[in-house]
Amino acid sequence: MIDKKELAIALNHVILIKGFKNISMTQLAKSVGISRASLYLRFKDKADIVTAVVDRHLQFVKSNPIPKEPTLDSLGKVLLDYALLVGSTTDIFLNDLQSDFPQLATQLAHTLTVYFTHVATYLTQAQHLGYLKSDFDSKFILFEIKMGIDTILKAVLSQALTTPQAEDYLRQFFHLQLAGLLTEKAKKK
């Protein structure tokens, strides 16, 4: 039996692609392979689901702080954590959140803005230390990663890609980004 935490993760995947505003509890349950009754045993309503998903994002940020000093060991994790957050906060989800839960939307937006600013600063520091190529502005690097993830997610939404294909493409995209950003000095270490 799937627990509430695992279910929140599965539901996050659904509402990240479809949003939550125009999807019923029955459709949500079906999308994650459980009965409507099982869904209601864990979540009293859609608001409870949305709150659990937002809490999951906030907890992720809290549990994965950006290191004060870049290292080669932490660089991949910081970029992966950024990609995971970007991939789990699509425009459709954020728009639905702003429309139906403005306080949660404001809290999440503030937390993500601060976190993403710290990631950009971290990348700039990594460039100064010679780990990342300095040809690109750190904000552009983050923008490019976001656009790549958004494109893959839109392909899932339009059914041009299956979820397993998208997961594979995301993994390859991440490796391509990292390989293209690392300096020769960093690659040798």
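Here, every reference points to the structure presented above.
Quick notes on the rules
Residues numbered from 1 in each chain as written. Predicted model: local features only at pLDDT ≥ 70, side-chain atom pairs only at ≥ 80, totals over all residues. Heavy atoms only, no water. Helix = DSSP H or I, 4+ residues; strand = E, 2+ residues; numbered from the N terminus. Rg over C-alpha atoms; globule rule 2.2 N^0.38 Å. Buried < 20%, exposed > 50% of the residue type's maximum accessible area, 1.4 Å probe, protein only. Arc of directions from axis to C-beta. Contact = heavy atoms within 4.5 Å. Axes fitted to C-alpha atoms, helices over the stretch in contact; angles between N-to-C directions. Parallel < 35°, antiparallel > 145°, perpendicular 65-115°, else oblique. Left-handed = near helix turned anticlockwise from the far one by under 90°. Nonpolar A, V, L, I, M, F, W, Y, C, P; charged D, E, K, R; others polar. Salt bridge = Lys/Arg side-chain N within 4 Å of Asp/Glu carboxyl O. Phe/Tyr/Trp six-rings, centres within 6.5 Å; stacked < 30°, edge-to-face > 60°.

**Let's talk about the overall build of the protein chain**
Within the protein chain, the secondary structure is distributed over ten helices and zero strands. Along the chain direction, N to C, the helices and strands of the protein chain fall in the order α-α-α-α-α-α-α-α-α-α. Relative to the globule expectation of 16 Å for 189 residues, the C-alpha radius of gyration of the protein chain, 18 Å, shows essentially globular dimensions. Over its C-alpha atoms, taken along the principal directions, the protein chain stretches across nearly 55 × 35 × 30 Å.

**Topic: helix α6 (residues 91-100)**
Restricting attention to buried positions, one finds in α6 the residues F93, D96 and L97. Along the long axis of α6, the arc covered by the buried residues comes to 100°, so they all point the same way. Buried residues along α6 sit against α1 (4-18), α4 (46-63) and α7 (102-128).

**Let's talk about the environment of L85**
Its location among the elements puts L85 in helix α5 (residues 72-87). Of the residues examined, L85 reaches a relative accessible area of 1% and is grouped as buried. Distance in space between the C-alpha atoms of L85 and L129 is 25 Å, their sequence separation being 44 residues. The contact partners of L85, leaving out residues within four places of it in the chain, are H57, F60, V61, L112, Y115 and F116.

**Description of the packing of α5 against helix α8 (residues 138-157)**
Two elements in contact, α5 and α8, have axes whose closest approach is 10 Å; the angle formed by their N-to-C orientations is 45°. Taken together, the axis directions place α5 and α8 in an arrangement best described as oblique. Both α5 and α8 take part in a crossing whose hand is right-handed. Facing L79, Y82, A83, V86 and G87 of α5, the residues of α8 in contact are L142, F143, I145, K146, I149 and L153. Residue composition of the contact of α5 with α8, by class: nine nonpolar, one polar and one charged.

**Remarks on the pattern of salt bridges**
The final tally for this structure, using the stated rule, is four salt bridges. Residue D100 is joined to K21 by a salt bridge in which the shortest nitrogen-to-oxygen separation is 3.5 Å. Within this pair, whereas D100 is found in helix α6, its partner K21 is found in the loop between α1 and α2 (25-31), the two being separated by 79 residues in sequence. Accessibility expressed as a relative area gives 36% for D100, which makes it partly exposed. Overall, the relative accessible area of 37% leaves K21 in the partly exposed class. Among the salt bridges present, the one from K146 reaches D150, with a minimum N-O distance of 2.9 Å. Taken together, the positions of K146 and D150, both in helix α8 and four residues apart, correspond to about one turn of that helix. A relative accessible area of 25% means that K146 is categorised as partly exposed.

**Section: the environment of V119**
Residue position: V119 is located in helix α7. Along the primary structure V119 and P65 are separated by 54 residues, whereas in three dimensions their C-alpha atoms are 9.5 Å apart. Dropping the residues within four chain positions of it, V119 is found in contact with I66, V78, Y82 and L142.

**Let's talk about the packing of aromatic side chains**
In total, this model carries five aromatic pairs according to the counting rule given. A ring pair is formed by F20 and F93, whose centres lie 6.1 Å apart and whose planes are at 70°; its orientation type is edge-to-face. Here the residue F20 occupies a position in the loop between α1 and α2, and F93 occupies one in helix α6, the gap between them amounting to 73 residues. The class for F93 is buried, based on a relative accessible area of 0%. With centroids separated by 5.8 Å and ring planes inclined at 50°, the aromatic side chains of F20 and F101 adopt a geometry described as tilted. In this pair, F20 sits in the loop between α1 and α2 while F101 sits in the loop between α6 and α7, placing the two residues 81 residues apart along the sequence.

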